[in-house]
Amino acid sequence: MQYLLMLYSQENGWSKMSKAEQEQAVVAYSAYTEALTKSGALKGTGRLQFTSTATTVRVANGKPQVLDGPYADSKEQLGGYYLIDVPDLDAAISWASRCPAASHGIVEVRPVWLPPYDR
């Protein structure tokens, strides 16, 4: 079953870290990504640009409304993700708890909906 691990943190947190803390973070994320890869669970990963680059689109009365910025203004922002394929929610939670983002932000675990024709 596929799960999306969505990593939320304060996007300005990186710039507030010392060089040594940044290097430690890079090592931690690299090790985590490598562990996911070696286990065969990793299906995709990515880091998002800052929310200031976001564009929000919604259709109202049949016309698109385009707004600069993210949909929600919050204390923590979606900064990246891991798409994993594991047996069940317990396994996904286990991987989420090992993610470095869980120690300085939030990791949301959500099952990916697969339409019947993709199963």
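You'll find the structure just up there.
Predicted, not measured: the structure shown is a model, and the values here were computed from it.

## Brief notes about the overall build of the protein chain
Counting its secondary structure elements, the protein chain contains two helices and six strands. The secondary structure elements of the protein chain, listed N-terminal to C-terminal, are β-α-β-β-β-β-α-β. If you line up the protein chain on its principal axes, its C-alpha atoms span 50 × 45 × 20 Å. Counting the 119 residues in the protein chain, one finds 23% classified as buried. Restricting the contact set of the protein chain to residue pairs at least 6 apart, pairs at least 24 apart contribute 75%. As presented, the protein chain carries roughly 8,300 Å² of accessible surface, and 55% of it is formed by carbon and sulfur atoms. Within the protein chain, one finds 11 positive and 12 negative side-chain charges whose respective centroids are separated by 3 Å.

## A short note on a nonpolar patch on the surface
On the surface, Leu-48, Leu-78 and Tyr-81 cluster together into a nonpolar patch covering about 230 Å² of accessible area. Positionally, Leu-48 belongs in the loop between strand 2 (42-47) and strand 3 (55-60).

## Structural notes on the packing of helix 1 (residues 19-39) against helix 2 (residues 89-98)
At their nearest, the axes of helix 1 and helix 2 sit 10 Å apart, and the two run at 155° to each other. Classified by the angle their axes make, helix 1 and helix 2 are roughly antiparallel. In the crossing of helix 1 with helix 2, the sense of the turn from one axis to the other is right-handed. Of the residues in helix 2, those touching helix 1 at Tyr-32, Ala-35, Leu-36 and Ser-39 are Trp-95, Ala-96 and Arg-98. Taken together, the residues of the contact of helix 1 with helix 2 sort by class into five nonpolar, one polar and one charged.

Cut-offs and rules
Residues numbered from 1 in each chain as written. Predicted model: local features only at pLDDT ≥ 70, side-chain atom pairs only at ≥ 80, totals over all residues. Heavy atoms only, no water. Helix = DSSP H or I, 4+ residues; strand = E, 2+ residues; numbered from the N terminus. Buried < 20%, exposed > 50% of the residue type's maximum accessible area, 1.4 Å probe, protein only. Contact = heavy atoms within 4.5 Å. Areas by Shrake-Rupley, 256 points an atom, 1.4 Å probe, with all protein chains shown as cover. Lys, Arg positive; Asp, Glu negative; His and termini not counted. Charge placed at Lys NZ, Arg CZ, Asp CG, Glu CD. Patch = residues over 30% accessible without salt bridge, like charges linked within 9 Å, V, L, I, M, F, W, Y side chains within 5 Å. Salt bridge = Lys/Arg side-chain N within 4 Å of Asp/Glu carboxyl O. Axes fitted to C-alpha atoms, helices over the stretch in contact; angles between N-to-C directions. Parallel < 35°, antiparallel > 145°, perpendicular 65-115°, else oblique. Left-handed = near helix turned anticlockwise from the far one by under 90°. Nonpolar A, V, L, I, M, F, W, Y, C, P; charged D, E, K, R; others polar.

These results come straight from atomic positions and should not be treated as a statement about function.
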